[in-house]
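Spelled out from the first residue to the last, the chains are:
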Amino acid sequence: MLTEVPTLEEIVDDHEGRIKALEDYQKEQEKLNQEIKTQLLATENTVLKESGKQQGLVQKLLDHVLEEDKEDRKSSRNNKTYTQQQIWKIAGVLAGSGGLFYLLLEKLLAR
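Residues numbered from 1 in each chain as written. Predicted model: local features only at pLDDT ≥ 70, side-chain atom pairs only at ≥ 80, totals over all residues. Heavy atoms only, no water.

(A) Seen up close, the overall build of the protein chain. Counting its secondary structure elements, the protein chain contains 1 helix and 0 strands. Taken over the C-alpha trace, the protein chain has a radius of gyration of 47 Å; the compact-globule value for 111 residues is 13 Å, which it surpasses by more than 25%. Oriented by its inertia axes, the alpha-carbon framework of the protein chain measures out at about 150 × 35 × 10 Å. Counting all 111 residues of the protein chain, 0% fall into the buried class. Accessible area of the protein chain: about 10,900 Å², with a carbon and sulfur share of 61%. One way to put it: in the protein chain the 16 positive side-chain charges average out to a point 28 Å from where the 20 negative ones average out. (Helix = DSSP H or I, 4+ residues; strand = E, 2+ residues; numbered from the N terminus. Rg over C-alpha atoms; globule rule 2.2 N^0.38 Å. Buried < 20%, exposed > 50% of the residue type's maximum accessible area, 1.4 Å probe, protein only. Areas by Shrake-Rupley, 256 points an atom, 1.4 Å probe, with all protein chains shown as cover. Lys, Arg positive; Asp, Glu negative; His and termini not counted. Charge placed at Lys NZ, Arg CZ, Asp CG, Glu CD.)

(B) Summary view of the pattern of salt bridges. Taken as a whole and judged by the stated rule, the model has 5 salt bridges. Between Asp14 and Arg18 there is a salt bridge; the shortest N-O distance is 3.8 Å. Separated by 4 residues within a single helix, Asp14 and Arg18 lie in helix H1 (residues 8-110), roughly one turn from each other. One salt bridge in this structure joins Lys53 and Glu50, with 3.4 Å as the shortest N-O distance. (Salt bridge = Lys/Arg side-chain N within 4 Å of Asp/Glu carboxyl O.)

(C) Seen up close, a negative patch on the surface. Together, Glu4, Glu9, Glu10, Asp13 and Glu16 make up a region of like negative charge exposed at the surface. Inspection of the secondary structure assignment puts Glu9 in helix H1. (Patch = residues over 30% accessible without salt bridge, like charges linked within 9 Å, V, L, I, M, F, W, Y side chains within 5 Å.)

Don't take any of this as a statement about function, it's just geometry.
In structure tokens form, the structure reads like this:
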């Protein structure tokens, strides 16, 4: 079971073959890396574009919510004002009719 010892020429030929194979592999890897970079840039652009759209939609929603909140507060304030006005009107009517009621009672009891 003697193994054949390669000659110096065979070793050099084999060495050059391995170097050539490594160079070819490196070229393939560089090409693959370039394709990955291209795809990553395309993905990044897509993400940025969609992010911009989302920010626009969020801003639009926020504006809508704030406008609705402003309208709700205005409506609530108007309702409070109206209620206070009605209370004062009723209080005035009661105060005025109380005096009238008192005069009628006085007239009836004075007889």
